[in-house]
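# Notes for the structure review
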Amino acid sequence: MAPGAVAAAPSVVTVDGRPGAWRLVRNGQPYFVCGAGGGASKELLAKMGGNSFRTWGADRLDADFAEARKYGLTVMAGFWLGHAEHGFDY
């Protein structure tokens, strides 16, 4: 999708292949994630040829999705888990 383009409907994403040769497929086409994580400039990411970003939490997803739509990016929405050094034991 071109920067600034808005999808008409949600994407259909699947994983296909076989052990050792898996691939991500988005709307019937192979999709290679070229992205970044965190809160850096999404405009710069798109200008550099990136297509996706990952969040570290779900506390600002509305704003993250709006930015993704604005720059034609996809989002991997993360959620925060406590770490062992903070007393969490999974």
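Shown above is the structure to which this text applies.
Everything in this summary refers to the structure shown in the same document. This is a predicted model, so every value here is computed, not measured.

### A look at the pairing of strand β1 (residues 13–18)
- Little of β1 is tucked away: zero of the six residues are buried.
- As defined by bridge partners, β1 adjoins strand β2 (residues 21–26) across six bridges and the pair is classed as antiparallel. Paired with R18 across the strands is A21, a residue of β2.
- Joining the antiparallel neighbours β1 and β2 is a turn of two residues, in which G20 adopts a positive phi near 85°.

### A word on the pattern of salt bridges
- Following the criterion strictly, the structure yields four salt bridges and no others.
- Residue K47 pairs with E43 through a salt bridge whose shortest N-O separation is 3.3 Å. Placement of the pair is K47 and E43 together in helix α1 (residues 42–47), with a separation of four residues, close to one helical turn.
- Linking R60 and D64 is a salt bridge whose minimum nitrogen-to-oxygen distance equals 3.0 Å.
- Look at the salt bridges and you will find they share partners, linking R60, D64 and E67 into a network.

### A closer look at the nonpolar core
- Core analysis: the biggest nonpolar cluster contains six residues, these being L45, A46, F53, A68, Y71 and L73.
- Among the elements of the structure, α1 and α2 (61–71) are those that each provide at least two residues to this core.

### Remarks on α2
- Those residues of α2 not exposed but buried are D64, A68 and Y71. For α2, the angular spread of the buried residues around the axis is 80°, confining them to a single face. Structural note: α2 exposes D62 and K70 on the side pointing more than 90 degrees away from its buried face.
- Tucked inside the fold, the buried residues of α2 contact α1, β5 (52–54) and β6 (74–76).
- Backbone geometry just downstream of α2 places G72 in the positive-phi region, at approximately 70°.

### Focus on the pairing of β2
- Here two bridges tie β2 to strand β3 (residues 29–30), and the two strands are oriented antiparallel to one another. Bridge assignment links R26 to a residue of β3, and that residue is Q29.
- Two successive antiparallel strands, β2 and β3, enclose a turn made up of two residues, where N27 displays a positive phi of approximately 55°.

Thresholds applied
Residues numbered from 1 in each chain as written. Predicted model: local features only at pLDDT ≥ 70, side-chain atom pairs only at ≥ 80, totals over all residues. Heavy atoms only, no water. Buried < 20%, exposed > 50% of the residue type's maximum accessible area, 1.4 Å probe, protein only. Helix = DSSP H or I, 4+ residues; strand = E, 2+ residues; numbered from the N terminus. Pairing = 2+ DSSP bridges. Salt bridge = Lys/Arg side-chain N within 4 Å of Asp/Glu carboxyl O. Core = buried A, V, L, I, M, F, W, Y, C linked by side-chain atoms within 4.5 Å. Arc of directions from axis to C-beta. Contact = heavy atoms within 4.5 Å.

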